[in-house]
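# Secondary and tertiary structure notes
These are the residues of each chain, in order.
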Amino acid sequence: MDKTDLYEAVARTGKALAHGKRLEILELLAQGERPVQDLADAAGLKLTTASAHLQTLRRAGLVSVRGEGTRLHYRLAGDDVAALMSLLCAVADSRNADVEAVRRAYLDHDGIRLVGRRELLSSAADGSALVLDVRPESEYAAGHIPGAVSIPLPELADRLAELPAGVEVVAYCRGRYCVLSYDAVRLLTAHGRRAALLEEGIVEWRSAGLPIAA
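Presented here is an overview of the structure given in this document.

What counts, and at which threshold
- Residues numbered from 1 in each chain as written.
- Predicted model: local features only at pLDDT ≥ 70, side-chain atom pairs only at ≥ 80, totals over all residues.
- Heavy atoms only, no water.
- Helix = DSSP H or I, 4+ residues; strand = E, 2+ residues; numbered from the N terminus.
- Rg over C-alpha atoms; globule rule 2.2 N^0.38 Å.
- Areas by Shrake-Rupley, 256 points an atom, 1.4 Å probe, with all protein chains shown as cover.
- Lys, Arg positive; Asp, Glu negative; His and termini not counted.
- Charge placed at Lys NZ, Arg CZ, Asp CG, Glu CD.
- Pairing = 2+ DSSP bridges.
- Contact = heavy atoms within 4.5 Å.
- Disulfide = S-S within 2.5 Å.
- Axes fitted to C-alpha atoms, helices over the stretch in contact; angles between N-to-C directions.
- Salt bridge = Lys/Arg side-chain N within 4 Å of Asp/Glu carboxyl O.
- Buried < 20%, exposed > 50% of the residue type's maximum accessible area, 1.4 Å probe, protein only.

It is worth spelling out the overall build of the protein chain at this point. Assigned secondary structure in the protein chain consists of eleven helices and eight strands. In summary, the protein chain has a C-alpha radius of gyration of 18 Å against a globular reference of 17 Å for 214 residues, a match within 12%. Projected onto the principal axes, the alpha-carbon positions of the protein chain cover approximately 65 × 45 × 30 Å. For the protein chain, the computed accessible surface area is about 11,200 Å², with 54% contributed by carbon and sulfur atoms. Taken as two groups, the 26 positive and 29 negative side-chain charges of the protein chain have centres that lie 4 Å from each other.

The two faces of a sheet get side chains in turn, since along a regular strand they alternate between them. Strand direction decides the pairing type here: strand β1 (residues 34–35) and strand β3 (residues 71–76), joined by two bridges, are antiparallel. Pairing of Pro35 across the sheet is with His73, part of β3. Where strand β2 (residues 63–68) meets β3, six bridges bridge the pair, whose relative direction is antiparallel. Bridge pairing in β3 links Glu68 to Arg71. In sequence, β2 turns back onto β3 through a hairpin of two residues, with Gly69 there showing a positive phi of about 65°.

Here we take up the environment of Ile25. Mapped onto the elements of the fold, Ile25 is located in helix α2 (residues 20–29). Each C-alpha atom, one on Ile25 and one on Arg75, is 10.0 Å from the other, the two residues being 50 residues apart in sequence. Beyond its immediate chain neighbours, meaning those up to four positions away, Ile25 contacts Leu39, Leu45, Ala50, His53, Leu54 and Leu57.

Take the state of the cysteines next. Taken as a whole, this structure holds one disulfide when the rule is applied. The structure places no disulfide on Cys89, whose sulfur is separated from the nearest cysteine sulfur, that of Cys178, by 12 Å.

Another point: the sheet that holds strand β6 (residues 149–150). Spatially, the five strands line up as an open sheet ordered β4-β8-β7-β5-β6, and their pairing is parallel. The open sheet has two edge strands, β4 (114–115) and β6, and neither has a second partner. Where β4 meets strand β8 (residues 195–198), two bridges bridge the pair, whose relative direction is parallel. Residue pairing in the sheet places Leu114 in a bridge with Leu197 of β8. Along the sheet, helix α10 (residues 179–190) contacts β5 (129–133), β7 (168–172) and β8; its crossing angle with β8, the most-contacted strand, is approximately 170°.

A separate point is the pattern of salt bridges. A full pass over the atoms with the stated rule returns 18 salt bridges. A salt bridge links Arg104 to Glu100; the shortest N-O distance between them is 2.6 Å. On the criterion of helical spacing, the pair formed by Arg104 and Glu100 is a turn pair, its members being four residues apart in helix α6 (residues 97–107). Under the relative-accessibility criterion, Arg104 is labelled partly exposed at 41%. As a salt-bridge pair, Glu162 and Arg159 come within 2.9 Å of each other at their nearest N and O atoms. Through salt bridges with shared partners, one network takes in Asp93, Glu100, Arg103, Arg104, Arg176 and Glu204.

With respect to burial, β5 is a largely interior element, five of its five residues being buried. The alternating pattern of β5 places Ala129, Val131 and Asp133 and Leu130 and Leu132 on opposite faces, both of which are buried. Relative to β7, β5 is paired through five bridges, and the arrangement is parallel. Among the inter-strand pairings, Ala129 is bridged to a residue of β7, identified as Glu168. Sheet topology places β5 next to β6; two bridges connect them, and they run parallel. Residue pairing across strands places Asp133 opposite Ser150, the latter belonging to β6.

Keep in mind these numbers describe shape, not what the thing actually does.
Laid out in structure tokens, this is it:
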């Protein structure tokens, strides 16, 4: 055994991350534990394909599994896995021009006001902003930004009256590439509400060691 063998062993973790769908699965698991079928549905994968990706991630020590009868439930192996994914995306954003170009084409945040975590904490504390979580209720229940109100995106148009007038609504969702919060801000703005986008999602929030409510 020598240094080459050591780096090769470390590289196996990198290889497990070298697939877009596996990164998407990790982002989904950062929201909370999920059974295989739910992961497959959320990621738009066949069950067998999702299971194969999960086995790759498990062999790399990035996810763990819990059996419940005939069902298997997966979760991240630790908060450091979410932090690793968050850092990978942040580095890719800042260092890879292709990522920036694709992100802009996919998410198109032109005209959307971005809010950082410091501003969010300040404006939420003084009551000038309402934090809106637009993820599915199960993900909100597993962990959310303290004080955030849960209205899943598909229900938002019918529940606008639940949002108080006179405050800016700051929406967030799973991670930096989650389109749900972008769609929420556009919907709110189209209905004459002041709205902004938290420039990160729950993955980045958790990775920064900020408080999580459940």
